[in-house]
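# Commentary on secondary and tertiary structure
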Number of protein chains: 2
Amino acid sequence: MDFYFSPLACSLATRIALYEAGASARFFEVDGKTKRTLPDDASFWEVSALGLVPVLRTDSGELITENAAILQYLADQFPLAALAPASGMARTRLQEWLCFIGTELHKGLFVPLLDPSAPAEVKAYTLTKYMGRLDYLEQRLRGREYVLDGFTVADAYLVAVLNWSIATSIKLADWPAIAAYHKRLHERPSVARAFAEELRLYQQEQARHSRAATAAVESQSV
Amino acid sequence: MDFYFSPLACSLATRIALYEAGASARFFEVDGKTKRTLPDDASFWEVSALGLVPVLRTDSGELITENAAILQYLADQFPLAALAPASGMARTRLQEWLCFIGTELHKGLFVPLLDPSAPAEVKAYTLTKYMGRLDYLEQRLRGREYVLDGFTVADAYLVAVLNWSIATSIKLADWPAIAAYHKRLHERPSVARAFAEELRLYQQEQARHSRAATAAVESQSV
């Protein structure tokens, strides 16, 4: 498998699932700004027409996009890792939470808050409209270790999304069950490893962008 | 089953799926403004903590929320209707499209455009950021009758979402394959019936809100 990701993007969930499954994959880093892959410097637009990570290329060459699809695909490919209930109402519950995390938290709440191009009105509107979703999540996580009965790909997705709060005005400490869940999940080896690796890559990416910006300014002032 | 919907909301997709499956259900209309159900005038908040349709109550009393979960549940309950591939890569492709429609089109593009409380800056930002998703969809639908190889719940969802364009500045005619798809889907009996029924209910809802607003003004001017 080939796995396309950007450091600390929602693709972190796929990396966590890969580690949980003990699956081997080739990792291709996508620079979120230039949309080029590292280290081969190819255009990511050739892989994803939307320019969005994660993308998974299966061993038979099929490209899979969209978190809910990739995470369920991996869970089904590696059943021994028990990353998703196989079928029935338990699987429906997983799909419910993948959908809630994807639509209400990821797309609804966090994407506008994280977007440096979003005007202040957009951020204010987003907080008014979507902050209450965290109250709902708080209710769910009270007295629970995971979103469902055991660790699933929904937790991999949720922890990746909750990580973003640090770059927003959202303070997870205001939701004690969410904060405790987030801390607990980060103690899980797959999450700790994935996060540490991508944090380092994220810092390298920031440094790269900073050098590029400096070089651009210098070339203009010559 | 009990099915909670609001006229012409995304829950239209569930109604289409129910008609396709020939499934019987009790229908509960939720007034989007008052969050009360009709005709029994009960609080919808007791059913959905988020106040969001669709909600499905199964015969064994389980409440299911979220489009991607409900639509896949119905497809699996009524396999003869062939509303979703049962498994494998074909199922992954269905999940990919349910996720794309739910996150990029429904939540990303349309929700802010339809929200009367969204400021102009939010609508402008939304169009800039998400309009290109329709180009992607256009590419997909060129030369195709459905999103996947045959009619699936992804089409039920997509047609429900595309209906909303009429209430926005988006002109589907600018995307010929999407416009043709939308028209073609509306000729399908399940879609035509579901849309006609909900359009009537939507008009009744608008009239009800208009009467309530008039009554409120009159009571203030006494």
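Below is a summary of the structure that appears in this document.

What counts and how
Residues numbered from 1 in each chain as written. Chains lettered and ligands numbered in written order. Predicted model: local features only at pLDDT ≥ 70, side-chain atom pairs only at ≥ 80, totals over all residues. Heavy atoms only, no water. Helix = DSSP H or I, 4+ residues; strand = E, 2+ residues; numbered from the N terminus. Least-squares fit on C-alpha atoms with pLDDT ≥ 70 in both. Contact = heavy atoms within 4.5 Å. Pairing = 2+ DSSP bridges. Axes fitted to C-alpha atoms, helices over the stretch in contact; angles between N-to-C directions. Phe/Tyr/Trp six-rings, centres within 6.5 Å; stacked < 30°, edge-to-face > 60°. Buried < 20%, exposed > 50% of the residue type's maximum accessible area, 1.4 Å probe, protein only. Lys NZ or Arg CZ within 6 Å of the ring centre and 35° of its normal.

### So, the environment of B:Arg193
Mapped onto the elements of the fold, B:Arg193 is located in helix 8 (residues 189-221). Taking the C-alpha atoms as reference points, B:Arg193 and B:Tyr19, separated by 174 residues in sequence, lie 8.6 Å from one another.

### Focus: the relation of the copies chain A and chain B
The two copies are related by a screw operation: chain A maps onto chain B through 180 degrees of rotation and 0.0 Å of translation along the axis, at an RMSD of 0.0 Å. Read as a symmetry element, the transformation amounts to a two-fold axis. Most of the interface of chain A is mirrored in chain B, where 97% of its interface residues are also at the interface.

### A word on the sheet that holds strand 4 (residues 55-57) of chain B
Residue and element names in this part refer to chain B. Reading across from one edge, 3-2-1-4-5 is the order of the 5 strands in this open sheet, with mixed pairing throughout. The sheet is open, and its two edges are formed by strand 3 (37-38) and strand 5 (63-65), each paired on a single side. Note that strand 4 and strand 5 share 3 bridges and pair antiparallel. Counterpart to Arg-57 in the pairing with strand 5 is Leu-63. Contacts from helix 1 (residues 12-21) reach strand 1 (2-5) and strand 2 (26-30), with the element oriented near 145 degrees to strand 1.

### Some thoughts on the sheet that holds strand 5 (residues 63-65) of chain A
Residue and element names in this part refer to chain A. The strand order 3-2-1-4-5 describes an open sheet built from 5 strands, whose pairing is mixed. Of all the strands in the sheet, the pair left with one neighbour each is strand 3 (37-38) and strand 5. In this structure, strand 1 (residues 2-5) lies alongside strand 2 (residues 26-30), joined through 4 bridges in parallel fashion. From the neighbouring strand, Asp-2 faces strand 2, where its bridge partner is Arg-26. Packed onto the sheet, helix 2 (residues 67-77) meets strand 4 (55-57) and strand 5 and runs at close to 120 degrees relative to strand 5.

### Some remarks on the packing of aromatic side chains
Tallied over the entire structure, the rule returns 22 aromatic pairs over all chains. Note on B:Phe3 and B:Phe5: the rings are 5.7 Å apart at their centroids and 25 degrees apart in plane angle, and the pair reads as stacked. For the residue pair B:Phe3 and B:Phe5, the accessibility class agrees, reading buried in each case. Three or more aromatic residues link up through ring pairs in this structure, and these residues are A:Phe3, A:Phe5, A:Tyr19 and A:Phe27. The residue whose ring lies beneath B:Arg193 is B:Tyr19, and the NZ or CZ to ring-centre distance is 3.6 Å.

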